[in-house]
Amino acid sequence: MLVQGGPWALSVISLVLLLWQEVSAIDVPLDSKIQQDLKQPPTIMKQSLKDYIVDPRDNIIIECEAKGNPVPTFSWRRNGKFFNVGKDPRVTMRKRSGTLEISFRSGGRPEDYEGEYQCFASNNFGTALTNKILLRVSKSPLWPKEVLEPVVVGEGSPLVLACNPPPGLPPPLTFWMDSAMMPITQDKRVSMGLNGDLYFSNVLAKDSHTDYSCNARFLFTHTIQQKNPFTLKVQTSRKVAETTPNFLSPTGSDSSRMVMRGEKLKLECIASGVPTPSIKWFKKGGDLNQKVKLDNFNKTLRIDSVSEEDAGEYMCMANNQIGSIRHSIYVQVKAAPYWLDQPSNLVLAPDENGRLVCRANGNPKPHIEWLVNGGPINSNSSLPNPSRKVEGDTIMFRSVQIGSSAVYQCNASNDHGYLLANAFISILDMAPRMLGPKNQLIKVIENNRTFLDCPYFGSPLPELRWFKNGQGSGLDGGHYRVYINGTLEIKRARAEDQGTYTCVARNILGKEENQVRLEVKEPTRIVRAPEHQSAIRGTMARFDCRVKSDLTLPITVTWLKDDKPLSLGSRLKKDEDSLSIPNVHEGDEGTYTCTVKTEIDQDTASARLTVSDRPDSPTDLELTDAKERNIRLTWIHGDDHNSPVTLFVVQFEEDRWESGKWQNLSSYPGDINTVILELSPFVNYQFRVIAVNSVGQSRPSLPSQRYQTSGAPPEVIPRGLKGWGTKKNNMEISWEPLLDTERNGPNLHYSVWWRRKDTGEEWSNVTTVGAKHIVHDTETYVPYEIKLRAVNDFGLGGESNIIIGYSGEDKPTAPPTDLRVSKIDSTKVNVHWTPVDPSTVLGEFKEYRVYYWREGSMVKGLRVNKEKKTKGFYSTVAQPTGILTDLQPYSHYRIYMVVANNRYEGPPSNHVEFRTKEGVPEAPKFFKIIQRSTDVIHLEWDKPLEPNGILIGYKLNYQTVNGSRVGLMQMQSFLPNVTTYTLRLPERAIRYKFYLAALTQVGAGEVYAEESPHFTNEAYSKDQVDIATQGWFIGLMCAIALIILILLIVCFIKRSRGGKYPVREKKDLPLDAVDQKGEDGSFDYHSDEDNKPLQGSQNSLDGGVKESDDSLVDYGEGGDGQFNEDGSFIGQYTVKKDKDETEGNESSEATSPVNAIYSLA
């Protein structure tokens, strides 16, 4: 819920006020007016550290900041005595603050001001104290001068180079370096201990150096001091004796260590021995916990923040291949006091009760001491207070009164430190005050849980009640709930809950009220959310986001991509209900979120866009497991671009016959990447792979290396073997040549055999490199047996099966005889004939072919098309017959027949004539419905193009139509010479559907259906064209409009340049209507004014129209009035001036667009 006009902090204040009565204390809100009027004892806000170390080069600043009302005054004690700041010229106290600043610009030693300081902040209501601040000056003493003798040690012996840095405040950090200022290399054998000494578990000959130097770094002064370097001489021996481990630090079998709670614990075990021992750590009674860290090559155990459970016995073990040794370290954890319950300020109204609690813990357990205004609580100087009772770590207050305000201090101390806390008690009486803004407006969403805040304050605590619209009793219970902090809860806001709510706060000192206006709004919802979708790269993706919201709330629709704002540019388009992403690419992939916001609520919906594309090319093609006729091909899949690969196509290229041409070899499922390729002999292969997914195929991969297979005899028998004559005395034998990959070797050729079938003659054969052979001097159409095989330099291929071929065909020698017809109908007739002797066909029998044509129509005066048509009948029976269909009724036909083989037709049969019977006519040639008035429909039609008999009349059926409802069918009959009909409409809005058919004696012909026009001023016919929809008409109108626009622009330019331009009389006359409406409301396309000349023009001698005086020629240069190819005028538009016009009145006519068009016409 968002509150209009009010800060969110009001809700926080209101929730805090819930706690008032439970703790019997007043929590004063952070309201500026209340804080300004509220009288309170001092509170320490800022102070320096208890252990305060300062840099001697800087001024000393001891902080003490406090607040209170009235503003506190400050005083200091040094080493338990009053410190008179005013008497020391180097010491100043900041205004409205207790912070001390000690300056040494005019001399003085910072060491003179070392000591224990404590600040006191006081006003009329009490005194607050800071901690006791121990001020010390940082020290960085020089290294004592000393002469270091060379250290001589035998190889394999342990060694400790002592550092002993000078004591500093705070202690310095130590490290070892050589003369080149490079750190001494440390490892498992050589390392620095916690005390700064450099330990050698065993010395090697390479350790001989003259520049082992210990360095001390002082943090406060940022200085580094260097000790005189050690010189180490190692006495070598032929063989170094192995020794058992022994601890260099710590010494003995056990030791103890005390550490304070919260501090850092470091335990160290460094051992000597040859070989160098390794260190392991254990804790008695359990494993090392996760807080334990091992440093310095496992020689140091570290716990960064110690707690009580870290106490116990820790053991380190050093071992090498000679032996091992253990050391126990007993860790004790002590604790300075720490807070369990720190006392806090207490504000009470008169006669209220309260308490201050001060609980602390430590080891040993701390002692609790109470003070008031900096002094002992039970001393004679403290204020007597009968309502106060001290009970150990708690002070109880009962029925407090005005004047009992004070600052109490709790001091918790033990042997390791102390804690000091200030907490005041303030007695406050105040009339009720409203803390929130006046007349607040709150907008909420319907059916939501709603809170109306009314933050208030007063002492004693006021009673608060709510009212709606200033009427009735207080609101509480049922639909409402009032919290102790004054907030009113409406469990489910409804439209009827709108209104003005008043909260009234009242105590013994007065009352205060405030109003809150509530408006209940409809929720904002996305009713059509975006859906997950997958789009192909380059296509358009669209996400819907249709919103329903309260009409009184403005909404903002934003789109995010992958939770980041989406940049909408020229490509991405956002409209009211959707987001469109044209030409998608991989960068568009992601989750798109539509966020709809109003000032009080929002709704979001997300969908993911996946962009799919053709897969990437396979890579890293590798050939392995090569054999004589196969090889293994392996590749790596490319990116499938969100569309799984369904197929891999393996292609090959060979460089012997068709170099550079890639051909498909085989295809495989999309989930494999290694295949065995079956190969042909004598081919120098290289391979590539293409991946295919639902979007398309990838680019081909890079080619593999080449692989040459060995040669072999042809394995494939040539396909498509056939024999057929191209002439009557030959036979052409042909076949499909072997593919290049089927040659299997060099010098491929073919052996062809043939012989006459069923004659027992010997086979003839020939060898050729081509794909055909012609056998000459054959008899006409005789069968041959034919066979074939392929041969190369490696041997003979397989022999084909024997096929039957034929020599060439000749023209049939005999015609069909006794051609006759029967069962003559209007559109079909039965045909009969006597077949020819098969031997006369001189080839393969194909069909008996009938030629027929229409000689004429029996309808007088009707011209016909005499185009010759054919129809074939395949029949080998002794008495063949066929049916000739699709004839025109009532017509005179002639037919004849021939026999045909595959190449030739024979001589024609006898001719036969017949006449078809009368049939039903075709549809009328046209059927027009013309409606020129509101009460009459005029029908026109014409006779059919093919009457198919003698017309005896026309039949017209019609019925009313109204959408899908139709009226009763009515019928009219007409004589054959009637082609018009007029129908009077009973009502203006009635529409009809008409069905017209022509009649012969056989019956009604094809129906022509038409419907009356939708509007009374329309005229419809079958062959009528609407001029307004014609392209030439639209183009003409556009050209005229463009010319008018140009001329208008010229007129305006001339008028703006020359001032006033008088126009001659009778120049711009109105244009007569081109199409005048008739009296019946329909358009008449012929006007009486068609032959009249245009107004403002003259008739020429030849009857044409002469150009008017206002012609465009007058305005052009040279009088051409020409047009460019783009339709614009050539030359400038200049104004022709009249000769009789004076120089003082140079005016000219503005060009009239209408007259200009007449001139152009």
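Just so it is clear, the structure is predicted and the values come from calculations on it, not from any experiment. (Residues numbered from 1 in each chain as written. Predicted model: local features only at pLDDT ≥ 70, side-chain atom pairs only at ≥ 80, totals over all residues. Heavy atoms only, no water.)

Participant: What am I meant to see in the side chain of H832 here?
Facilitator: Tracing the chain through its elements places H832 in strand β74 (residues 829–834). A distance of 2.7 Å separates a polar atom in the side chain of H832 from a polar atom in the side chain of S822. If sequence neighbours within four positions are ignored, H832 has contacts with D818, L819, R820, V821, S822, P880 and T881. (Helix = DSSP H or I, 4+ residues; strand = E, 2+ residues; numbered from the N terminus. Polar contact = N/O pair within 3.5 Å; in protein donor to acceptor, adjacent residues only side chain to side chain. Contact = heavy atoms within 4.5 Å.)

Participant: Mind showing me how you'd approach the environment of K227 here?
Facilitator: Here K227 lies in the loop between β19 (223–226) and β20 (230–235). The buried category is assigned to K227, whose relative accessible area is 5%. Distance in space between the C-alpha atoms of K227 and K145 is 8.5 Å, their sequence separation being 82 residues. In this structure K227 touches W143, E146, L148, A162, C163, S213 and C214, once residues within four positions along its chain are discounted. (Buried < 20%, exposed > 50% of the residue type's maximum accessible area, 1.4 Å probe, protein only.)

Participant: I tried to follow the pairing of strand β80 (residues 927–930) on my own but got confused; where do I start?
Facilitator: The side chains of a regular strand alternate between both faces of the sheet. Here four bridges tie β80 to strand β81 (residues 936–941), and the two strands are oriented antiparallel to one another. Within β81, the residue paired with K928 across the bridge is E940. Connecting β80 to the next strand, β81, in antiparallel fashion are five residues. (Pairing = 2+ DSSP bridges.)

Participant: Before we go on, may I ask you to explain the confidence of the model for the protein in this structure?
Facilitator: Low-confidence regions, as indicated by low pLDDT, have predicted coordinates that should not be scrutinised in detail. For the protein, the mean per-residue pLDDT works out to 84, and 86% of the residues sit at or above 70. When mean pLDDT is taken per element in the protein, β74 scores highest with 96 and strand β90 (residues 1083–1084) scores lowest with 33. (pLDDT = per-residue confidence, 0-100.)

Participant: Explanation requested: the pairing of strand β86 (residues 991–999) in the structure shown.
Facilitator: Within β86, seven of the nine residues are buried, which leaves it mostly tucked inside the rest of the structure. Two elements, strand β82 (residues 953–962) and β86, share nine bridges in a ladder whose sense is antiparallel. In the strand pairing of β86, T960 is matched with Y992. Sheet analysis places β86 next to strand β87 (residues 1008–1011), joined by four bridges and oriented antiparallel. Each bridged residue has a counterpart across the sheet, and for Y995 the counterpart in β87 is A1009.

Participant: Help me understand the sheet that holds strand β66 (residues 730–736), please; the structure alone is not making it clear to me.
Facilitator: Backbone-to-backbone hydrogen bonds join strands into a sheet, with any given pair of strands oriented parallel or antiparallel. Overall, antiparallel pairing links the three strands, which are arranged β65-β66-β69 in an open sheet. The open sheet has two edge strands with one neighbour each: β65 (719–724) and β69 (772–776). Within this sheet the neighbouring strands show an average axis-to-axis angle of 10 degrees, counted without direction. Pairing geometry for β65 and β66, over four bridges, is antiparallel. Within β66, the residue paired with K722 across the bridge is S734. (Axes fitted to C-alpha atoms, helices over the stretch in contact; angles between N-to-C directions.)

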